[in-house]
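These are the residues of each chain, in order.
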Amino acid sequence: MLTRKQHELLMFIDRHLRETGFSPSFEEMKAALALKSKSGIHRLITALEERGFLRRRAHRARALEVIRLPENLAPRAPRTARAPDAPLGPNVIRGPFGTQAPARPTPEVANDPAAVSLPLYGRIAAGSPIEALRDNGASVEVPAALLGNGEHYALEVAGDSMVDAGILDGDTVIIHRADTAENGAIVVALVDENEVTLKRLRRRGNSIALEPANPRHETRIFGPDRVKVQGRLVGLLRRY
């Protein structure tokens, strides 16, 4: 038997994993359950682990896995396997994003409706910004379920500033190309026309804050004319 709060947390984590591909942060779990401190979340997660509903993956920040759901619910379908992993490099995304056609299945995956090949534009910093140079020949296959309407592209991640959002060094992020994003979204942001970084977007009056998800990194604040959104995070791939 689960308590009401244990059940609420388990279902929230399961839903978040299905929708985003990574675990919610402790802040997100605390807000979802209307708790006042993270210690309550720690206790709930420990209880769910002891009862065999959750498992924490060793040596990974905020990596939770739902093993099973309560017996009165439908069995949990296995999650889609994840893919590529790579180290990182530098940080301006170059390329005709405005004219690029939406990604279509390549001949290699055309017979598989669940797979789509996306252009891999380069490497992006999830720490201090670095240059991301477009590689015209690179691409990555991703599950079609991660994509909605519109144009998408992939970027490799370097650094640890987004670990508390479940984004680790070496991950591949899937980006929906857009020039706007809602407050609080994780975005690809072009700063001063010469550096690009992956951060959470916060609007603060007439300023824009690019927030890391790691307390060891500082939030950077800019005037609105210095930051341009180049895309919004919609998925993440990882090889174990």
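Under the annotation held in an unreviewed UniProt entry, the protein chain carries the name LexA repressor and is attributed to Neoroseomonas eburnea. UniProt annotates the protein chain under Catalytic activity (unreviewed entry) with the comment "Hydrolysis of Ala-|-Gly bond in repressor LexA." As stated in UniProt under Function (unreviewed entry), the record for the protein chain gives "Represses a number of genes involved in the response to DNA damage (SOS response), including recA and lexA. In the presence of single-stranded DNA, RecA interacts with LexA causing an autocatalytic cleavage which disrupts the DNA-binding part of LexA, leading to derepression of the SOS regulon and eventually DNA repair."

Topic: the pairing of strand β7 (residues 186–191)
By the criterion of burial, β7 is predominantly enclosed, with six of the six residues buried. Relative to strand β8 (residues 195–204), β7 runs antiparallel, the two sharing six bridges. Residue Ile186 lies in a different strand from β8, and its bridge partner there is Arg200. Taken together, the five bridges between β7 and strand β11 (residues 227–237) define a ladder with antiparallel strand orientation. By the bridge assignment for β11, Leu190 is matched with Lys228.

Quick word on the layout of surface pockets
When its volume is computed, the second largest pocket comes out at roughly 320 Å³. Considering the residues around the second largest pocket, the lining is formed by 14 residues, among which Ser25, Glu27, Lys38, Asp164 and Ala213 are closest to the centre. Every element with two or more residues in the lining of the second largest pocket is listed here: α2 (26–32), α3 (38–50) and β8. With three residues, the single largest contributor to the lining of the second largest pocket is α2. For the lining of the second largest pocket, the per-class residue count stands at four nonpolar, three polar and seven charged.

As for the pairing of strand β6 (residues 172–176)
Two faces make up the sheet, and in a regular strand the side chains alternate between them. Along β6, five of the five residues are buried, which leaves the element largely enclosed by surrounding structure. Here β6 shows two buried faces, one formed by Thr172, Ile174 and His176 and the other by Val173 and Ile175. Where β6 and β11 come together, five bridges link them in antiparallel fashion. Counted as the bridge partner of Thr172 is Leu237 from β11.

Structural notes on unusual backbone geometry
For residues other than glycine, phi is negative in most cases, and the peptide bonds are mostly trans. Despite not being glycine, Ala34 shows a phi value in the positive range, around 55°. Along the polypeptide, Ala34 turns up in the loop between α2 and α3. For Asp192, which is not a glycine, the phi torsion comes out positive at approximately 55°. On the secondary structure map, Asp192 appears in the loop between β7 and β8.

A closer look at the pattern of salt bridges
Once the charged atoms of two side chains with opposite charge are near each other, the side chains can pair. With the rule as written, the count across this model stands at 14 salt bridges. In this structure, Asp14 and Arg18 form a salt bridge, with 3.1 Å as the shortest nitrogen-oxygen distance. One end of the pair, Asp14, and the other, Arg18, are both in helix α1 (residues 4–20), four residues apart, so they sit about a helical turn from each other. By relative accessible area, Asp14 is classed as buried at 5%.

What counts and how
Residues numbered from 1 in each chain as written. Predicted model: local features only at pLDDT ≥ 70, side-chain atom pairs only at ≥ 80, totals over all residues. Heavy atoms only, no water. UniProt positions renumbered as here; feature names shortened; annotations may be inferred. Buried < 20%, exposed > 50% of the residue type's maximum accessible area, 1.4 Å probe, protein only. Helix = DSSP H or I, 4+ residues; strand = E, 2+ residues; numbered from the N terminus. Pairing = 2+ DSSP bridges. 1 Å grid on protein atoms, 1.4 Å probe; cavity = no way out; pocket = protein on both sides within 12 Å on 5 of 7 lines; lining within 4 Å. Points joined across faces, edges and corners; volume = space filled by probe spheres on them. Nonpolar A, V, L, I, M, F, W, Y, C, P; charged D, E, K, R; others polar. Salt bridge = Lys/Arg side-chain N within 4 Å of Asp/Glu carboxyl O.

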